[in-house]
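Given next are the chains, with one letter for each unit.
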Amino acid sequence: MAKFDYLAKDPNGRLVKGVLDVYSISEARTLLKGQNLSPISIKAQKTFISSLNRVSCTAKELQIFSRQFAVLIESGVPILESLSSIAEGQANKKFKMAIEDIVRQISTGKKLSEALALYPGVFDKLYVNLVKAGEEAGVLSEVLNRLAFYIEKSNALKSKITGALWYPVATMVIAFGAITVVLVFVIPKFQQLFSEQGQELPMLTQKVVGLSESLQANWYIYIGVTVAIPVLLMMYYNTAGGRQIIDRILIRIPVFGSLIIKSCVARMARTLATLLK
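Residues numbered from 1 in each chain as written. Predicted model: local features only at pLDDT ≥ 70, side-chain atom pairs only at ≥ 80, totals over all residues. Heavy atoms only, no water.

S.K.: Teacher, can you tell me more about helix α11 (residues 256-276) here?
M.R.: Because an α-helix packs 3.6 residues into every turn, residues spaced three or four apart end up facing the same way. Taking 1.5 Å as the rise per residue, α11 with 21 residues should run 30 Å; its terminal C-alpha atoms sit 30 Å apart, in good agreement. Those residues of α11 that fall on the buried side of the exposure criterion are G257, S263, T271 and T274. Projected onto a plane normal to the axis of α11, the buried residues spread over an arc of 130° and lie on a single side. The exposed set on the far side of α11, more than 90 degrees from its buried face, consists of K262 and L276. Of the surrounding elements, those touching the buried residues of α11 are α6 (125-137), α7 (140-196) and α10 (240-250). (Helix = DSSP H or I, 4+ residues; strand = E, 2+ residues; numbered from the N terminus. Expected span 1.5 Å × (residues − 1). Buried < 20%, exposed > 50% of the residue type's maximum accessible area, 1.4 Å probe, protein only. Arc of directions from axis to C-beta. Contact = heavy atoms within 4.5 Å.)

S.K.: Looking at this structure, how should I read the packing of aromatic side chains?
M.R.: How two aromatic rings sit relative to each other is set out by the distance from centre to centre and by the angle between their planes. Under the defined criterion, the tally for this structure stands at six aromatic pairs. Pairing F65 with F95 gives two aromatic rings, centres 5.7 Å apart and planes at 55°, and the pair type is tilted. One end of the pair, F65, is in helix α2 (residues 59-74); the other, F95, is in helix α4 (residues 93-107), and 30 residues separate them in sequence. Taken individually, F65 and F95 each receive the classification buried, so the pair is uniform in this respect. (Phe/Tyr/Trp six-rings, centres within 6.5 Å; stacked < 30°, edge-to-face > 60°.)

S.K.: What should I look at first to understand the side chain of Q90 in this one?
M.R.: Mapped onto the fold, Q90 is located in the loop between α3 (79-88) and α4. Apart from residues lying up to four places away in sequence, Q90 is in contact with E61, F95, K96 and I99.

S.K.: Is there a simple way to explain the pattern of salt bridges in this structure?
M.R.: Side chains bearing opposite charge may pair, as long as their charged atoms lie close to each other. Applying the stated criterion across every chain yields a total of four salt bridges. The partner of D101 in a salt bridge is R104, with the nearest N and O atoms 3.6 Å apart. Placement of both D101 and R104 in helix α4 is noted, with a separation of three residues, approximately one turn of the helix. Residue classification places D101 among the buried positions, given a relative accessible area of 9%. On the accessibility criterion, R104 (24% relative accessible area) is partly exposed. Across the salt bridge formed by R146 and E142, the nearest N and O atoms sit 2.6 Å from each other. On the criterion of helical spacing, the pair formed by R146 and E142 is a turn pair, its members being four residues apart in helix α7. Under the relative-accessibility criterion, R146 is labelled partly exposed at 29%. (Salt bridge = Lys/Arg side-chain N within 4 Å of Asp/Glu carboxyl O.)

See the structure below:
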């Protein structure tokens, strides 16, 4: 149950403000009309419960949910009882509360697909539309099994890609760490050694020494830049224009670009196969 702020008119035309504890905007509107009030605006308060539509879960949790749901439906258990049973055994507390809210939404007259659509962070458009098709065709359990299989294969593909990318990324991180250690601890020792012998350092070595001294004197700036760049890139990537530009760059990177394109094609083909079935 969530809190909704409302603005309405009474029979005399006076404005009335207040708060209602209900499950949905439609329920709030019905309750106001029952009190002879004409709703003008109804808005959900930003509370923990009202923010559940932004809840998320792992692919494994969604796969298990789909598989359990399919088994219960195949066994003849009603939808509400199936969802309630799944919610009781759910370890993810936010996901559990989301399932319980879906049960309440269905109890108020919503279809299963409509209730699932309230949580886009868990059930994407593909999931919701397939469930809707399963409801209308009377093959909900079959659709849920296909969704579970689709999620399992997609997650396996993602794990393979992550594993393939992990080695070069780890190599780069180790190399960066090794270079930093050399600049901070090793180069100063060599500089001291050459200074004691009165030898003039080569130009390239002087540049390296200068970088070492700069790193030691302004270490906080280097750390700040190292942290800020990935954060700013992620923020830029979350914008529509930034996503297009960065994606164009990524698919042009040797080896990595080919891997990304192939993974996208594989996911598209699997999604299309699931929809056609």
